[in-house]
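# Notes for the structure review
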Amino acid sequence: MAQPSTDNLDAKFSCNLVRQEGGDGERLNYADQGVIQLQGSVIKNLQWESSLFRSANGHECSIDLSDEPQAEQTAKGWRISLSNAADARSKRGYDFERGLNCSIRLERSGDELAIKPSCPALCGSRVNFTTLTVNLKNGQCQYDE
C-alpha cells in the first residue's frame, strides 16, 4: 500500500474498535475508513469518515476533496488543512459552536502512519476525528487513548 518515496503517500484503511467508556461505562464503537493519496504537497485523493457510536446515538466526522483540502509537507510527513474551514462547515449545515479549525497531521515512521487530527470544523456534534495509527503494509489499526 505504501509507495517507496517519502514524498508520496498511498494509504487505505478500514478500522474499528469497541471500548467501554471509563472501563465499565457506556459501550463506544469507533469506525474509521479512508483513502489518502498524496504526491508531495498535491492531494490526489482524500476521503475519511470517522464515526463514534454510542448506545443511543452516533456522530461522524468526514473530509473529502469537496472540502477543498490543501497539503503541505513537514519534517515528519504532511499537514492537511482546509482553504476555507468556515465555508466547508457551513456547506454541511453544522452550527459554529465546535470551532472552525481543521488540521490533520500525517506522520510516517517506517510502515506506520500516525493520523493526528484537530479538525472540529468537519464534525457535527462530535468534538474531533479519531486519532489512530495505521500499518500501511498489513492495514492493522491502533486507536490512541
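A brief report on the enclosed structure follows.

Calculation rules
- Residues numbered from 1 in each chain as written.
- Predicted model: local features only at pLDDT ≥ 70, side-chain atom pairs only at ≥ 80, totals over all residues.
- Heavy atoms only, no water.
- Salt bridge = Lys/Arg side-chain N within 4 Å of Asp/Glu carboxyl O.
- Helix = DSSP H or I, 4+ residues; strand = E, 2+ residues; numbered from the N terminus.
- Buried < 20%, exposed > 50% of the residue type's maximum accessible area, 1.4 Å probe, protein only.
- 1 Å grid on protein atoms, 1.4 Å probe; cavity = no way out; pocket = protein on both sides within 12 Å on 5 of 7 lines; lining within 4 Å.
- Points joined across faces, edges and corners; volume = space filled by probe spheres on them.
- Nonpolar A, V, L, I, M, F, W, Y, C, P; charged D, E, K, R; others polar.
- Pairing = 2+ DSSP bridges.
- Axes fitted to C-alpha atoms, helices over the stretch in contact; angles between N-to-C directions.
- Phe/Tyr/Trp six-rings, centres within 6.5 Å; stacked < 30°, edge-to-face > 60°.
- Core = buried A, V, L, I, M, F, W, Y, C linked by side-chain atoms within 4.5 Å.
- Contact = heavy atoms within 4.5 Å.

Turning next to the pattern of salt bridges. Enumeration according to the criterion identifies seven salt bridges in this entry. In this structure, R92 and D67 form a salt bridge, with 2.5 Å as the shortest nitrogen-oxygen distance. Taken together, the positions of R92 in the loop between α1 (85-91) and β7 (103-109) and D67 in the loop between β4 (58-64) and β5 (69-73) put the pair 25 residues apart, joining distant regions of the chain. What makes R92 partly exposed here is its relative accessible area of 25%. Linking E107 and K116 is a salt bridge whose minimum nitrogen-to-oxygen distance equals 2.8 Å. It is possible to trace a salt-bridge network through shared partners that takes in R105, E107 and K116.

This part is about empty space enclosed by the protein. Where empty space is left becomes clear once a probe the size of a water molecule has been rolled over the atoms. Throughout the structure, instances matching the rule amount to one cavity of 30 Å³ or more. Taken as a whole, the largest cavity encloses approximately 30 Å³ of empty space. Forming the walls of the largest cavity are S66, D67, E68, S83, N84, D87, A88 and K91. Taken together, the residues of the lining of the largest cavity break down into one nonpolar, three polar and four charged.

Whether parallel or antiparallel, the strands of a sheet pair through hydrogen bonds between backbone atoms. Overall, antiparallel pairing links the four strands, which are arranged β1-β2-β3-β4 in an open sheet. Both edges of this open sheet fall to β1 (8-20) and β4, since each of them pairs with a single strand only. On average, each strand axis in the sheet is tilted by 0 degrees relative to the strand beside it, whichever way the strands run. Taken together, the 13 bridges between β1 and strand β2 (residues 27-39) define a ladder with antiparallel strand orientation. Residue pairing for β2: R19 is matched across the bridge by L28.

A word on the packing of aromatic side chains. Any pair of aromatic rings gets described here by the distance separating the centres and the angle formed by the planes. As enumerated under the stated definition, the model contains three aromatic pairs in all. Pairing F13 with W48 gives two aromatic rings, centres 6.2 Å apart and planes at 75 degrees, and the pair type is edge-to-face. Remark: W48 occurs in strand β3 (residues 42-53) and F13 occurs in strand β1; sequence separation between them is 35 residues. Overall, W48 belongs to the buried group, its relative accessible area being 2%.

Turning to the nonpolar core, a few remarks are in order. Formed by 34 residues in total, the largest nonpolar core has its most connected members in L9, L106 and I115. Setting aside anything within four residues of it in sequence, one finds L106 in contact with L9, I36, L38, K76, G77, W78, I80, L113, A114 and I115.

We now examine the sheet that holds strand β8 (residues 112-118). Taken in spatial order, the six strands line up as β5-β6-β7-β8-β9-β10 in an open sheet, and their pairing is antiparallel. With partners counted over all chains shown, the strands left at the sheet margins are β5 and β10 (141-143), one partner each. With direction set aside, neighbouring strand axes in the sheet form an average angle of 20 degrees. Taken together, the three bridges between strand β9 (residues 132-135) and β10 define a ladder with antiparallel strand orientation. Bridge assignment links T133 to a residue of β10, and that residue is Q142.

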